[in-house]
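Residue strings, one per chain:
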Protein chains: 2
Amino acid sequence: MDLPDRALRPRAIAVADALRERMLDGALRDGEKLNETRLADALGVSRTPLRAALHALAAEGLLEYAPNRGFTVRDFSTELIDEAFEIRAALEGLACRFAARRGLDASSRASLETALAQGEAVVATGQCGPAELERYRTANVAFHETLLHAAQNRQLADTLRLVLNRPGASLRRIVAFTPDQIRQRVDDHRRILEAILSQDYGRAELLMRDHVSGIRTAR
Amino acid sequence: MDLPDRALRPRAIAVADALRERMLDGALRDGEKLNETRLADALGVSRTPLRAALHALAAEGLLEYAPNRGFTVRDFSTELIDEAFEIRAALEGLACRFAARRGLDASSRASLETALAQGEAVVATGQCGPAELERYRTANVAFHETLLHAAQNRQLADTLRLVLNRPGASLRRIVAFTPDQIRQRVDDHRRILEAILSQDYGRAELLMRDHVSGIRTAR
DNA sequence: TCAACCGAAATTGTACACAATCAGCTGATC
DNA sequence: GATCAGCTGATTGTGTACAATTTCGGTTGA
């Protein structure tokens, strides 16, 4: 359970990253109480940087903090994930609006088109195995990340990042299982890109919001 | 520059609150570099709880952190405040939707109607002096806070709270200066409440979003 | 049996000492 | 005069000791 020791980075930062990672991949379970001494030993650091990291993660909303009785992993049950998706939908919709209003620069446009093409290539296979899902996942992350970057709004990016860090609301999580569902998602992407390119920001926002809501509801 | 010493609360929490307060009321200026030793002395605590607080505030997005060179107050210039208001508008709109969809319980409804009535009382004076603005501010905070509470969505509440803590985007900041502007805001509130009561959540969201955007744009 | 109480052990909160790193100055070199 | 290495004081990062608080077992008394 050691840290990747990039010696430059302060331990507090490395520890926060490591814990975030473990929450996303489920190594730390919902509601789990974190014992500072044991956790510090396990991570190979003292309690000082660990505690700084814990306070930061609590501020991000990933941990609960109760004075004098420590930190616990926040519970992300099903309905909480639904909530997170609705917030994510609203914020990504907003990002889409900003990107459309501002207009895409050449490199963002190229990235989006590449991601879209990769998605369409997956659809063209008509398959939906692990390999296809992985390729779609990559394309999907690239599409959403690029759009967020194109919005050029750091506060929105920060806010959305917090929501995306919630277990279950991550961009990496793909909730599609059939070729048809993937086809529909890629179709969404294409229409979103078209709306952005024609600077129809109201429509761009609406489409993105619906797209993200759909990810969750179409189970 | 002492802390209010409620001895129960860990110093790290009290320090974070105190610093947040100072950023909101402008005692800490944009871009200011925070010297840990001096700040700790000024607050009457050691560097240990101070640093925990600083990490938390950085995670909230109020401070910038650069490894080995410390924390600085994040810059919230005019256009950043505009950005924050757009995010706030989207999130409060969402809260409004949730509240409408879920329906108001008796106490929320009573609080909202009280807040509305207080706003209308201010409008009835036809004045816009410091006393009126203060009364309107109180009513306004109560209205928005109650609505957020009624949305019953803690993740949304947390996310919105972060945005509201941004200097310039606070609920306490009233950007109205004429009786007519106040009249219009109170009118917004009434229509929002009506939409919620009739469970027209799409409209409730739209109205709230427009209302919050309007706060900022109508200068 | 049960609740309230007490103490010890475990756990969290804080201060402080020291290590690591950075910023600014000095002076040597070209 | 500009540049850069190296020194030095200042600042940040971390480990550790200890204080404060909570938790939990056992004991007492009704």
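Computed from a predicted model, the values in this text were never measured in an experiment.

1. Thoughts on empty space enclosed by the protein
Residue and element names in this part refer to chain A.
Then, in step 1: Tallying each qualifying case throughout the model produces six cavities of 30 Å³ or more.
Then, in step 2: Roughly 60 Å³ of internal volume is contained in the largest cavity.
Then, in step 3: Considering the residues around the largest cavity, the lining is formed by Arg88, Tyr136, Asn140, Leu171, Arg173, Ile174, Val175, Arg185 and Ile215.
Then, in step 4: Among the residues forming the lining of the largest cavity, the class breakdown is five nonpolar, one polar and three charged.
Then, in step 5: By volume, the second largest cavity is sized at about 50 Å³.

2. Some words on the sheet that holds strand 3 (residues 70–73) of chain A
Residues and elements named next belong to chain A.
Then, in step 1: The strand order 1-3-2 describes an open sheet built from three strands, whose pairing is antiparallel. At either end of the open sheet lies a strand with only one pairing partner, and these are strand 1 (33–34) and strand 2 (63–66).
Then, in step 2: Here four bridges tie strand 2 to strand 3, and the two strands are oriented antiparallel to one another. Along strand 3, the bridge assignment pairs Tyr65 with Phe71.

3. Some words on the sheet that holds strand 1 (residues 33–34) of chain B
All names here are of chain B.
Then, in step 1: As summarised here, the arrangement of the three strands in space is 1-3-2, forming an open sheet in which the pairing is antiparallel. Two strands close off the open sheet at either side, each with one partner strand: strand 1 and strand 2 (63–66).
Then, in step 2: Bridge count between strand 1 and strand 3 (residues 70–73): two bridges; the pairing is antiparallel. The residue bridging Lys33 from the neighbouring strand is Thr72, located in strand 3.

4. Digging into the interface of chain B and chain A
When the parts of a complex come together, some accessible area is lost, and that lost area is often taken as the interface size.
Then, in step 1: The partner chain A presents 39 residues to the 38 residues of chain B that form the contact.
Then, in step 2: The junction of chain B with chain A conceals about 3,100 Å² of combined surface from both sides, 52% of it contributed by carbon and sulfur atoms.
Then, in step 3: Looking at the side of chain B facing chain A, the largest losses of area belong to Glu86, Ile87 and Gln155 of chain B, adding up to 19% of the total buried there.
Then, in step 4: Residues Arg101 of chain B and Glu86 of chain A are paired through a salt bridge, measuring 3.0 Å at the closest nitrogen-oxygen approach.

5. Details of the protein's contact with DNA strand C
Then, in step 1: Lining the immediate environment of DNA strand C, one finds 21 residues, of which Arg51 and Tyr65 of chain A together with Arg11, Ser46 and Thr48 of chain B sit closest.
Then, in step 2: When the atoms of DNA strand C within 4 Å of the protein are grouped by moiety, sugar and phosphate amount to 70% of the total.
Then, in step 3: Between Arg51 of chain A and DNA strand C, the recorded distance is 2.5 Å, taken from a side-chain N or O atom to a phosphate oxygen.
Then, in step 4: One nitrogen or oxygen atom from the side chain of Asn68 of chain B is found 3.5 Å from a sugar or linking oxygen belonging to DNA strand C.
Then, in step 5: If you list the elements that add at least two residues to the surface near DNA strand C, you get strand 1, helix 2 (36–43) and helix 3 (47–60) of chain A together with helix 1 (11–24) and helix 3 (47–60) of chain B.
Then, in step 6: With three residues, helix 2 of chain A is the largest single contributor of residues to the surface near DNA strand C.
Then, in step 7: Residue classes in the surface near DNA strand C are distributed as seven nonpolar, seven polar and seven charged.

6. Focus: the relation of the copies chain B and chain A
Then, in step 1: For the pair chain B and chain A, the best superposition has an RMSD of 0.2 Å and corresponds to a rotation of 180° with a translation of 0.1 Å parallel to the axis. Interpreted geometrically, this transformation is the action of a two-fold axis.
Then, in step 2: A high fraction, 100%, of the interface residues of chain B reappear at the interface in chain A, so the copies pair face to face through one surface.

7. Describing the domain arrangement of chain A
Residue and element names in this part refer to chain A.
Then, in step 1: We note that the domain assignment places domain 1 (11–73) and domain 2 (78–217) within chain A.
Then, in step 2: A C-alpha centroid distance of 30 Å is found between domain 1 and domain 2.
Then, in step 3: Contact with domain 1, which involves six residues of that partner, is made by six residues of domain 2.
Then, in step 4: Buried surface at the junction of domain 1 and domain 2, summed over both partners, amounts to about 600 Å²; 59% is from carbon and sulfur atoms.

The rules we used
- Just so you know, the residues in each chain are numbered from 1, in the order the chain's sequence is written.
- In the order they appear in the text, chains get letters beginning with A and ligands get numbers beginning with 1.
- Per-residue local features are limited, in this predicted model, to residues with pLDDT of at least 70; the limit for side-chain atom pairs, both in listing and counting, is 80 or more; totals at the level of whole chains, interfaces and linings are taken over all residues.
- Hydrogen atoms and water are omitted, and side-chain values are computed over all heavy atoms in the structure.
- Cavity: a set of points on a 1 Å grid over the protein atoms alone where a 1.4 Å probe fits but cannot get out. Pocket: an open set with protein on both sides within 12 Å along at least five of seven lines, its lining residues, like those of a cavity, having an atom within 4 Å of a point.
- Grid points are joined across faces, edges and corners, and a volume is the space filled by probe spheres set on the points.
- Residue classes follow a fixed rule: Ala, Val, Leu, Ile, Met, Phe, Trp, Tyr, Cys and Pro count as nonpolar, while Asp, Glu, Lys and Arg count as charged, and any other residue, Gly among them, counts as polar.
- Only when DSSP finds a minimum of two bridges between them are two strands counted as paired.
- Helix and strand labels come from DSSP, where a helix needs a run of H or I of at least four residues and a strand needs a run of E of at least two; each type is numbered from the N terminus.
- Working rule for contacts: check all heavy atoms of both residues, and any pair within 4.5 Å makes them a contact.
- Once two parts are joined, some of their accessible surface, as seen by a 1.4 Å probe, is lost; buried area is that loss totalled over both.
- The working definition used for a salt bridge is a side-chain nitrogen of Lys or Arg within 4 Å of a carboxyl oxygen of Asp or Glu.
- In these notes, residues near a molecule or strand are those with any non-hydrogen atom within 4 Å of it.
- In protein, a polar contact means a hydrogen-donor-capable atom and an acceptor-capable atom, both N or O and within 3.5 Å, with residues adjacent in sequence counting only if both atoms are side-chain atoms; elsewhere, any N or O pair within 3.5 Å suffices.
- The copies were overlaid by least squares, fitting only the C-alpha atoms of residues that reach a pLDDT of 70 or more in each copy.
- Annotation comment: domain bounds sourced from an automatic or database domain assignment.

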